[in-house]
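# Structural overview for review
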Amino acid sequence: MVDILKFEGQNEIEFLKKFSDKDSCLSHLAFYKWSNGFNCPNCGGKEEHHCSKAHFKRCKNCLQIFSPTSGTLFHKVKFGIEKAFYVVFKMSATTKSISAEQLSKTIGVNRKTALLFQHKVRLAMKSSENYPMTGQVEVDEAFIGEKEEGKIGRGAEKKTQIVVAVEKNGSSGVKRMYVKVIENATSVELKKIFDKHISEKAKILTDKWRGYSPLSKLYDITQEKSEPDINFKVMHRCIQQLKSWIRGIHHSVNPNYLQGYLDEFCYRINRSIHKNTIFENLLKRMVLGQYFSKKQIKFAYS
(Lines give C-alpha, C1' and ligand atoms only; values in the text may rest on other atoms or scores of the structure.)
Protein backbone atom coordinates (compact mmCIF):
# COMPACT_ATOMS: atom_id res chain seq x y z
CA MET A 1 0.00 0.00 0.00
CA VAL A 2 1.26 3.46 -0.95
CA ASP A 3 2.21 5.60 2.04
CA ILE A 4 0.26 8.77 2.74
CA LEU A 5 1.41 12.29 3.44
CA LYS A 6 0.50 12.70 7.09
CA PHE A 7 -0.84 15.94 8.52
CA GLU A 8 1.44 17.71 10.97
CA GLY A 9 0.90 20.66 13.27
CA GLN A 10 -2.05 22.66 14.57
CA ASN A 11 -2.82 24.97 11.64
CA GLU A 12 -6.59 24.76 11.12
CA ILE A 13 -6.52 26.39 7.68
CA GLU A 14 -3.97 23.86 6.42
CA PHE A 15 -5.99 21.06 7.97
CA LEU A 16 -9.15 22.14 6.14
CA LYS A 17 -7.24 22.32 2.85
CA LYS A 18 -5.82 18.83 3.22
CA PHE A 19 -9.11 17.17 4.19
CA SER A 20 -11.47 19.21 2.05
CA ASP A 21 -13.42 16.31 0.55
CA LYS A 22 -14.62 12.78 1.22
CA ASP A 23 -11.99 11.16 -0.99
CA SER A 24 -9.03 12.66 0.89
CA CYS A 25 -10.48 11.49 4.20
CA LEU A 26 -11.32 7.95 3.05
CA SER A 27 -7.87 7.46 1.52
CA HIS A 28 -6.35 8.38 4.88
CA LEU A 29 -8.59 5.94 6.75
CA ALA A 30 -7.92 3.18 4.21
CA PHE A 31 -4.19 3.53 4.77
CA TYR A 32 -4.47 2.98 8.52
CA LYS A 33 -7.15 0.29 8.24
CA TRP A 34 -5.31 -1.88 5.71
CA SER A 35 -1.67 -0.86 6.14
CA ASN A 36 -0.87 -4.42 7.30
CA GLY A 37 -2.90 -6.04 4.53
CA PHE A 38 -6.55 -6.97 4.09
CA ASN A 39 -8.18 -9.36 6.54
CA CYS A 40 -11.88 -10.00 5.99
CA PRO A 41 -13.82 -9.56 9.27
CA ASN A 42 -16.61 -11.73 7.87
CA CYS A 43 -14.77 -14.91 6.82
CA GLY A 44 -11.13 -14.26 7.64
CA GLY A 45 -10.07 -14.23 4.01
CA LYS A 46 -6.91 -12.31 3.13
CA GLU A 47 -7.30 -12.00 -0.63
CA GLU A 48 -9.06 -9.10 -2.32
CA HIS A 49 -11.36 -9.04 -5.33
CA HIS A 50 -11.65 -5.98 -7.56
CA CYS A 51 -13.94 -3.33 -6.07
CA SER A 52 -15.23 -0.44 -8.14
CA LYS A 53 -15.57 1.86 -5.12
CA ALA A 54 -12.41 3.83 -4.42
CA HIS A 55 -10.75 2.96 -1.08
CA PHE A 56 -13.22 0.11 -0.42
CA LYS A 57 -12.26 -3.57 -0.25
CA ARG A 58 -14.08 -6.67 -1.53
CA CYS A 59 -13.23 -10.09 -0.12
CA LYS A 60 -12.33 -12.61 -2.83
CA ASN A 61 -13.76 -15.48 -0.77
CA CYS A 62 -17.16 -14.20 0.48
CA LEU A 63 -17.45 -11.16 -1.84
CA GLN A 64 -18.42 -8.86 1.04
CA ILE A 65 -17.55 -5.19 0.53
CA PHE A 66 -16.00 -3.14 3.33
CA SER A 67 -15.57 0.60 3.61
CA PRO A 68 -12.61 2.26 5.39
CA THR A 69 -15.02 3.24 8.19
CA SER A 70 -16.63 -0.18 8.76
CA GLY A 71 -16.05 -1.57 12.23
CA THR A 72 -14.12 1.51 13.33
CA LEU A 73 -15.13 4.37 15.61
CA PHE A 74 -16.15 6.22 12.43
CA HIS A 75 -18.70 3.48 11.66
CA LYS A 76 -22.26 4.76 11.12
CA VAL A 77 -21.28 8.39 11.62
CA LYS A 78 -24.43 10.43 10.95
CA PHE A 79 -22.72 13.29 9.12
CA GLY A 80 -20.00 13.65 6.50
CA ILE A 81 -16.60 12.07 7.11
CA GLU A 82 -15.02 15.49 6.49
CA LYS A 83 -16.89 16.85 9.53
CA ALA A 84 -15.89 13.81 11.56
CA PHE A 85 -12.23 14.48 10.75
CA TYR A 86 -12.71 18.08 11.86
CA VAL A 87 -14.05 16.92 15.24
CA VAL A 88 -11.01 14.68 15.73
CA PHE A 89 -8.75 17.63 14.87
CA LYS A 90 -10.48 20.02 17.30
CA MET A 91 -10.36 17.48 20.13
CA SER A 92 -6.69 16.65 19.64
CA ALA A 93 -4.64 19.42 18.06
CA THR A 94 -6.27 22.36 19.82
CA THR A 95 -5.38 23.30 23.38
CA LYS A 96 -8.82 23.16 24.98
CA SER A 97 -10.96 21.13 22.56
CA ILE A 98 -14.56 22.19 21.94
CA SER A 99 -17.92 21.75 23.66
CA ALA A 100 -20.77 19.77 22.10
CA GLU A 101 -22.85 22.96 22.06
CA GLN A 102 -20.25 24.91 20.07
CA LEU A 103 -19.46 21.93 17.86
CA SER A 104 -23.12 21.53 16.89
CA LYS A 105 -23.15 25.13 15.64
CA THR A 106 -19.79 24.85 13.89
CA ILE A 107 -20.51 21.72 11.82
CA GLY A 108 -24.28 22.09 11.56
CA VAL A 109 -25.61 19.08 13.47
CA ASN A 110 -27.78 18.84 16.57
CA ARG A 111 -26.10 18.77 19.97
CA LYS A 112 -26.91 15.11 20.72
CA THR A 113 -25.32 13.97 17.45
CA ALA A 114 -22.21 16.05 18.13
CA LEU A 115 -21.96 14.77 21.70
CA LEU A 116 -22.35 11.12 20.67
CA PHE A 117 -19.47 11.33 18.23
CA GLN A 118 -17.34 13.17 20.78
CA HIS A 119 -17.89 10.28 23.19
CA LYS A 120 -16.56 7.92 20.52
CA VAL A 121 -13.48 10.09 20.05
CA ARG A 122 -12.91 9.99 23.83
CA LEU A 123 -12.96 6.19 23.72
CA ALA A 124 -9.97 6.38 21.37
CA MET A 125 -8.24 8.71 23.84
CA LYS A 126 -8.31 6.12 26.61
CA SER A 127 -4.85 5.11 27.81
CA SER A 128 -3.45 1.79 26.61
CA GLU A 129 -2.18 1.25 30.19
CA ASN A 130 0.98 -0.27 28.71
CA TYR A 131 3.42 2.32 30.02
CA PRO A 132 3.11 2.81 33.79
CA MET A 133 4.77 5.84 35.38
CA THR A 134 8.19 5.08 36.84
CA GLY A 135 9.59 8.39 38.13
CA GLN A 136 8.56 10.87 40.82
CA VAL A 137 4.78 10.53 41.11
CA GLU A 138 2.27 12.48 43.20
CA VAL A 139 -1.18 11.03 43.96
CA ASP A 140 -4.20 12.83 45.39
CA GLU A 141 -8.00 12.72 45.36
CA ALA A 142 -10.43 15.45 44.35
CA PHE A 143 -14.11 16.02 43.60
CA ILE A 144 -15.67 17.04 40.28
CA GLY A 145 -19.12 18.61 40.09
CA GLU A 146 -21.23 21.62 40.89
CA LYS A 147 -20.79 23.45 44.16
CA GLU A 148 -23.10 22.47 46.99
CA GLU A 149 -24.17 25.00 49.56
CA GLY A 150 -22.29 24.46 52.82
CA LYS A 151 -20.47 21.34 51.66
CA ILE A 152 -16.88 20.95 50.53
CA GLY A 153 -14.44 18.07 50.05
CA ARG A 154 -15.57 14.68 51.33
CA GLY A 155 -18.90 16.14 52.44
CA ALA A 156 -19.96 17.01 48.91
CA GLU A 157 -22.15 13.98 48.29
CA LYS A 158 -23.42 14.99 44.85
CA LYS A 159 -19.95 15.42 43.43
CA THR A 160 -17.98 12.65 41.75
CA GLN A 161 -14.73 11.60 43.40
CA ILE A 162 -11.59 11.12 41.34
CA VAL A 163 -8.01 10.07 42.04
CA VAL A 164 -5.20 11.84 40.18
CA ALA A 165 -1.65 10.64 39.50
CA VAL A 166 0.96 13.04 38.13
CA GLU A 167 4.48 12.07 37.08
CA LYS A 168 6.70 15.09 37.59
CA ASN A 169 9.22 16.41 35.09
CA GLY A 170 11.79 18.15 37.26
CA SER A 171 10.54 20.23 40.16
CA SER A 172 7.59 21.94 38.47
CA GLY A 173 6.89 20.24 35.14
CA VAL A 174 4.45 17.48 34.24
CA LYS A 175 5.59 14.45 32.30
CA ARG A 176 2.31 12.51 32.42
CA MET A 177 -1.05 12.64 34.15
CA TYR A 178 -3.80 10.08 34.66
CA VAL A 179 -7.18 10.45 36.38
CA LYS A 180 -9.74 7.83 37.34
CA VAL A 181 -13.28 8.04 38.69
CA ILE A 182 -13.58 6.23 42.03
CA GLU A 183 -16.55 5.37 44.23
CA ASN A 184 -14.79 6.38 47.44
CA ALA A 185 -11.31 6.94 48.87
CA THR A 186 -10.76 3.46 50.30
CA SER A 187 -7.52 1.68 49.53
CA VAL A 188 -9.40 -0.72 47.22
CA GLU A 189 -10.63 2.12 45.03
CA LEU A 190 -7.38 4.11 45.19
CA LYS A 191 -5.44 1.02 44.12
CA LYS A 192 -7.14 1.13 40.71
CA ILE A 193 -4.95 3.97 39.48
CA PHE A 194 -1.86 2.31 40.92
CA ASP A 195 -2.62 -0.97 39.15
CA LYS A 196 -3.24 0.67 35.79
CA HIS A 197 -0.81 3.56 35.66
CA ILE A 198 1.94 3.41 38.31
CA SER A 199 4.96 1.11 38.33
CA GLU A 200 6.22 -0.45 41.56
CA LYS A 201 9.52 1.27 40.72
CA ALA A 202 7.99 4.75 41.05
CA LYS A 203 8.70 7.05 44.00
CA ILE A 204 5.23 8.08 45.14
CA LEU A 205 4.27 11.03 47.30
CA THR A 206 0.77 11.34 48.81
CA ASP A 207 -0.92 13.16 51.66
CA LYS A 208 -1.73 11.66 55.05
CA TRP A 209 -5.06 10.10 54.01
CA ARG A 210 -5.29 6.65 55.62
CA GLY A 211 -6.49 4.99 52.40
CA TYR A 212 -2.91 5.00 51.09
CA SER A 213 -1.39 3.20 54.07
CA PRO A 214 -2.25 -0.38 52.97
CA LEU A 215 -0.77 0.34 49.53
CA SER A 216 2.64 1.04 51.08
CA LYS A 217 3.17 -2.71 51.27
CA LEU A 218 3.17 -2.87 47.46
CA TYR A 219 4.49 0.53 46.41
CA ASP A 220 7.22 2.96 47.50
CA ILE A 221 4.93 5.55 49.10
CA THR A 222 5.88 8.55 51.22
CA GLN A 223 3.05 10.35 53.01
CA GLU A 224 3.24 13.92 54.24
CA LYS A 225 0.73 16.51 55.36
CA SER A 226 -0.63 18.60 52.50
CA GLU A 227 0.01 22.30 53.06
CA PRO A 228 -1.33 24.86 50.56
CA ASP A 229 1.37 26.77 48.62
CA ILE A 230 4.11 24.67 50.24
CA ASN A 231 3.92 21.14 48.84
CA PHE A 232 1.99 19.23 46.14
CA LYS A 233 2.16 22.37 43.98
CA VAL A 234 2.29 20.46 40.69
CA MET A 235 -0.63 18.24 41.70
CA HIS A 236 -2.79 21.14 42.86
CA ARG A 237 -2.07 23.03 39.64
CA CYS A 238 -3.08 20.03 37.52
CA ILE A 239 -6.32 19.50 39.44
CA GLN A 240 -7.17 23.19 39.14
CA GLN A 241 -6.53 23.13 35.39
CA LEU A 242 -8.76 20.07 35.02
CA LYS A 243 -11.62 21.66 36.94
CA SER A 244 -11.24 24.96 35.07
CA TRP A 245 -11.34 23.12 31.73
CA ILE A 246 -14.54 21.28 32.61
CA ARG A 247 -16.22 24.43 33.91
CA GLY A 248 -14.98 26.68 31.14
CA ILE A 249 -15.56 24.45 28.11
CA HIS A 250 -18.27 22.00 29.15
CA HIS A 251 -19.85 23.78 32.17
CA SER A 252 -21.11 20.48 33.58
CA VAL A 253 -20.56 16.79 32.80
CA ASN A 254 -22.83 13.78 33.22
CA PRO A 255 -21.13 11.59 35.88
CA ASN A 256 -21.82 8.49 33.76
CA TYR A 257 -19.48 9.85 31.08
CA LEU A 258 -17.01 11.74 33.26
CA GLN A 259 -14.22 9.18 32.75
CA GLY A 260 -14.25 9.95 29.04
CA TYR A 261 -13.69 13.66 29.68
CA LEU A 262 -10.86 12.84 32.08
CA ASP A 263 -9.26 10.60 29.43
CA GLU A 264 -9.57 13.42 26.88
CA PHE A 265 -7.91 15.95 29.17
CA CYS A 266 -5.04 13.57 29.99
CA TYR A 267 -4.60 12.56 26.35
CA ARG A 268 -3.74 16.13 25.35
CA ILE A 269 -1.66 16.80 28.47
CA ASN A 270 0.41 13.66 27.93
CA ARG A 271 1.11 14.61 24.30
CA SER A 272 1.69 18.32 24.78
CA ILE A 273 5.20 18.02 23.33
CA HIS A 274 3.93 15.95 20.40
CA LYS A 275 1.35 18.36 18.97
CA ASN A 276 2.86 17.86 15.52
CA THR A 277 1.59 14.28 15.36
CA ILE A 278 -1.29 14.26 17.85
CA PHE A 279 -4.03 14.37 15.18
CA GLU A 280 -2.60 11.45 13.21
CA ASN A 281 -2.09 9.47 16.41
CA LEU A 282 -5.73 9.90 17.38
CA LEU A 283 -6.95 9.23 13.85
CA LYS A 284 -5.10 5.91 13.84
CA ARG A 285 -6.64 5.02 17.21
CA MET A 286 -10.10 5.82 15.82
CA VAL A 287 -9.54 3.47 12.89
CA LEU A 288 -8.11 0.62 14.95
CA GLY A 289 -10.57 1.12 17.82
CA GLN A 290 -13.60 -1.07 18.32
CA TYR A 291 -16.99 0.24 17.22
CA PHE A 292 -19.42 1.00 20.05
CA SER A 293 -23.13 1.67 19.73
CA LYS A 294 -24.82 4.49 21.61
CA LYS A 295 -26.00 2.10 24.34
CA GLN A 296 -22.55 0.57 24.78
CA ILE A 297 -20.57 3.79 25.21
CA LYS A 298 -21.46 4.41 28.87
CA PHE A 299 -20.27 0.93 29.82
CA ALA A 300 -17.11 1.29 27.74
CA TYR A 301 -15.94 4.05 30.09
CA SER A 302 -16.19 1.87 33.20
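Residues numbered from 1 in each chain as written. Predicted model: local features only at pLDDT ≥ 70, side-chain atom pairs only at ≥ 80, totals over all residues. Heavy atoms only, no water.

### Points about the sheet that holds strand 6 (residues 173–182)
Going by this rule: Strand pairing follows a simple DSSP-based rule, namely that at least 2 bridges must link the two strands. A run of H or I in DSSP becomes a helix once it reaches four residues, and a run of E becomes a strand once it reaches two; helices and strands are each numbered from the N terminus. To get an axis, fit a line to the C-alpha atoms, keeping to the stretch in contact for a helix; angles then go from 0 to 180 degrees between the N-to-C directions. Contacts are residue-level and defined by heavy atoms, with any inter-residue pair within 4.5 Å sufficient.
Strand order across the open sheet formed by five strands is 6-5-4-7-8, with mixed pairing between neighbours. Both edges of this open sheet fall to strand 6 and strand 8 (220–223), since each of them pairs with a single strand only. Averaged over all neighbouring strand pairs, the angle between strand axes comes to 25 degrees, with direction disregarded. Here strand 4 (residues 136–144) pairs with strand 7 (residues 203–206) via three bridges, running parallel. Note that in strand 7 the partner of E138 across the bridge is L205. Relative to strand 6, helix 6 (residues 187–197) is tilted by about 135 degrees, and along the sheet it contacts strand 4, strand 5 (160–169), strand 6, strand 7 and strand 8.

### So, the layout of surface pockets
A water-sized probe, rolled over the atoms, reveals where empty space remains. Just so we agree on the cut-off: Each cavity reported here is a set of points on a 1 Å grid over the protein atoms alone in which a 1.4 Å probe fits but cannot get out, each pocket an open set with protein on both sides within 12 Å along at least five of seven lines, and each lining residue one with an atom within 4 Å of a point. Grid points are joined across faces, edges and corners, and a volume is the space filled by probe spheres set on the points.
Taken as a whole, the largest pocket encloses approximately 940 Å³ of empty space. Residue lining of the largest pocket: 42 residues in total, with S127, Y178, V179, H197 and D263 positioned closest to the centre. With eight residues, strand 6 is the single largest residue contributor to the lining of the largest pocket. Taken as a whole, the second largest pocket spans an internal volume of roughly 610 Å³.

### Quick look at the packing of helix 3 (residues 81–92) against helix 9 (residues 278–288)
Basically, it comes down to this: Note on angle classes: values under 35 degrees are labelled roughly parallel, values over 145 roughly antiparallel, values of 65 to 115 roughly perpendicular, and the remainder oblique. The hand of a helix crossing depends on one turn: near helix anticlockwise from the far one by less than a right angle means left-handed, and clockwise means right-handed. Under the convention adopted here, Pro, Cys and the residues Ala, Val, Leu, Ile, Met, Phe, Trp and Tyr are nonpolar, Asp, Glu, Lys and Arg are charged, and Gly plus all remaining residues are polar.
Packing of helix 3 against helix 9 leaves a shortest axis separation of 9 Å and a crossing angle of 125 degrees. Put simply, helix 3 runs oblique to helix 9. Regarding helix 3 and helix 9, the two cross each other, and that crossing is right-handed. Touching F85, V88, F89 and S92 of helix 3 are I278, F279, L282, L283 and M286, all from helix 9. Residue composition of the contact of helix 3 with helix 9, by class: eight nonpolar, one polar and no charged.

### A few points about the confidence of the model for the chain
Note the following rule: Within a predicted model, pLDDT stands for the predictor's per-residue confidence, ranging from 0 to 100.
Averaged over the chain, the pLDDT score is 92; the fraction of residues at 70 or greater is 95%. Confidence scores differ between elements of the chain, with helix 10 (residues 294–300) showing the lowest mean pLDDT of 78 and strand 7 the highest of 98. Counting interchain partners and residues more than four positions distant, the pLDDT-below-50 stretch residues 148–152 has six contacts.

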